[in-house]
Amino acid sequence: MYDPTVARLTYRALLGRRRALILGALPLLLIIISVAVRGLTGADDQTASDVLGGFAIATMVPIIGVIAGTGAIGPEIDDGSVVYLLSKPLKRPAIIFTKLIVAIAVTMVFSAVPTLIAGLILNGNGQQVAVAYMIAALVSSIAYSALFLLLGTVSRHAVVFGLVYALVWEALFGSLVPGARTLSVQQWSLAVAHKVVGGDLVTSDVSLPTATVLLVAVTVLATWYAGQKLRTLKLAGEE
Amino acid sequence: MTTLSIDHVSRWFGNVVAVNDITMTIGPGVTGLLGPNGAGKSTLINMMGGFLAPSTGTVTLDGQPVWRNEQIYRHIGIVPEREAMYDFLTGREFVVANAELHGLGEKAAQRALATVEMEYAQDRKISTYSKGMRQRVKMASALVHDPSLLLLDEPFNGMDPRQRMQLMDLLRKMGDEGRTVLFSSHILEEVEQLARHIEVVVAGRHAASGDFRKIRRLMTDRPHRYLVRSSDDRTLAAALIADPSTAGIEVDLTEGALRIQAVDFGRFTALLPRVARDHGIRLLTVSPSDESLESVFSYLVAA
């Protein structure tokens, strides 16, 4: 299923100079905020949890997921260069699967690693806050990548839709409307993180079994559907 | 021997019919797909290449469906019209990647780069390439797996005359080797120079098929124009105009020639030498002044 050549092309496209800068900007901001907060308030578990939950998990991870997930395929479809992948005897689901792996890896590196570092800066991983949020970032990276890869496959406005989802649904509705939280990748990943490290600092509105089922279902269905869409992707002519 | 069959294929986008009930068979050798911009050539090529489903009808390659059949790409090489092609790679990296996606390696890529004479610039980034160089690297990427069918969408667009000639030589060679080569163009001279066999598409319809001179002759209800110089233009003109195969004759004094409009091609071509012989007139020049594809084309468009 995994094609190393497709992966190489995707990595190089994703980590091109401009996109790498965008991908690196938010983690850098998180680290700067963490250093500032630690300097101003000292090591405090609740503050660490607030920063990591409010900024890293609610904002940074979904945005990086949008950039990596849609960026893994959207630009190729937009500019038509995907034709060089599609005109090969490659199974379409294999192309999607490979791009998913790349998007997950990129999202994890640019979100989970900075989350851990920020947690260590904020309170030295007191009450395992840093590890818990890193796990949440890792888990949500998978689901976000699958969702946004699908979005990149089906829509030319994937980045806009992705950002609306990430910022409006996850960040805004998720914090205001209780029902929306059940359908939030963020909450699902927090449920997993809570289970792994325990404690009261990292909590979720969703139970672990529900979260696990939804995470797997969303990831698998989005990936399967993206593969199907790519099989019948129509490359519009120039006329 | 690879044959691409297009069988009663139509394609519409909403209310717009881009391709209207086209049936054609593309065999070995070079075939030109000719038509003005917006005629449906790209839509047709996209369907031939398996990137667009026909709304009705089928496209098959040696009996195998092209749509939703990835394995067909073992036999097809595609040179798309669009420019985008992983500009961040070097030419060599791009062609190697294309070879790998076919399960081939560096060797196949190098051979393809040599075929298009791009080895000298293979280590430069594609973003620094000229249009002609891009076209050649696209060509190399389409040739890595030695396909029996080559589809090229407007391959000469933006090429300078030298590059154009090189690519034409290459395509001619491919055709001579027995490959099925189909290229689209809206420029008549390109098609005229490269392909004797043409398929003409006008406004989504299949307007004509075959040798372009034969197509021209088949359209006997259309006037044919000739420029004729002889030892006695006026006597010749008088004798020709008496025959119903000739619709009009102009004595062009500046050119020192006759401009003849014939309405019955077959009859006129037999009449002219006979009349000349009967009147003891020597024919110095007989040249069809509208045998170019341009005129064939304008008739087809008007028809």
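Residues numbered from 1 in each chain as written. Chains lettered and ligands numbered in written order. Predicted model: local features only at pLDDT ≥ 70, side-chain atom pairs only at ≥ 80, totals over all residues. Heavy atoms only, no water.

1. A few points about the overall build of chain B
- What chain B contains, in helices and strands, is ten helices and 14 strands.
- Overall, chain B is about 70 × 45 × 35 Å in size when its C-alpha atoms are taken along their principal axes.
- Expressed as a percentage of the 303 residues in chain B, the buried residues total 53%.
- Taking as baseline every contact in chain B between residues at least 6 positions apart, the subset at least 24 positions apart corresponds to 66%.
- For chain B, the exposed area adds up to about 12900 Å²; of that, 50% sits on carbon and sulfur atoms.
- Of the side chains in chain B, 34 bear a positive and 37 a negative charge, and the two mean positions are spaced by 0 Å. (Helix = DSSP H or I, 4+ residues; strand = E, 2+ residues; numbered from the N terminus. Buried < 20%, exposed > 50% of the residue type's maximum accessible area, 1.4 Å probe, protein only. Contact = heavy atoms within 4.5 Å. Areas by Shrake-Rupley, 256 points an atom, 1.4 Å probe, with all protein chains shown as cover. Lys, Arg positive; Asp, Glu negative; His and termini not counted. Charge placed at Lys NZ, Arg CZ, Asp CG, Glu CD.)

2. Topic: the confidence of the model for chain A
- Put simply, chain A has an average pLDDT of 89, and 97% of its residues get 70 or more.
- For chain A, helix α9 (residues 178–182) of chain A is the element with the lowest average pLDDT, namely 77, and helix α6 (residues 92–123) of chain A is the one with the highest, namely 94. (pLDDT = per-residue confidence, 0-100.)

3. A closer look at the environment of R213 of chain B
Residues and elements named next belong to chain B.
- Tracing the chain through its elements places R213 in helix α7 (residues 212–218).
- A relative accessible area of 32% means that R213 is categorised as partly exposed.
- Each C-alpha atom of the pair R213 and R196 lies 8.5 Å from the other, and the pair is 17 residues apart in sequence.

4. Section: the confidence of the model for chain B
- For chain B, the mean per-residue pLDDT works out to 87, and 93% of the residues sit at or above 70.
- With pTM at 0.82, the complex prediction returns an ipTM value of 0.88.

5. What to know about the interface of chain A and chain B
- The interface of chain A with chain B comprises 33 residues on the first partner and 34 residues on the second.
- Between chain A and chain B the total buried area reaches about 3200 Å² when both faces are included, carbon and sulfur atoms providing 56% of it.
- Between chain A and chain B we count four salt bridges in total.
- A salt bridge links E93 of chain B to R12 of chain A; its shortest N-O distance comes to 3.2 Å.
- Where chain A touches chain B, the interface holds eight residue pairs in polar contact (both at pLDDT 80 or more).
- Of all the secondary-structure elements, those providing two or more residues to the side of chain A that touches chain B are α1 (4–14), α4 (74–79), α5 (83–86) and α11 (208–231) of chain A.
- Looking at the side of chain A that touches chain B, the element that brings in the most residues is α1 of chain A, giving six residues.
- Classifying every residue of the side of chain A that touches chain B gives 13 nonpolar, seven polar and 13 charged. (Buried area = accessible area lost by both parts, 1.4 Å probe. Salt bridge = Lys/Arg side-chain N within 4 Å of Asp/Glu carboxyl O. Polar contact = N/O pair within 3.5 Å; in protein donor to acceptor, adjacent residues only side chain to side chain. Nonpolar A, V, L, I, M, F, W, Y, C, P; charged D, E, K, R; others polar.)

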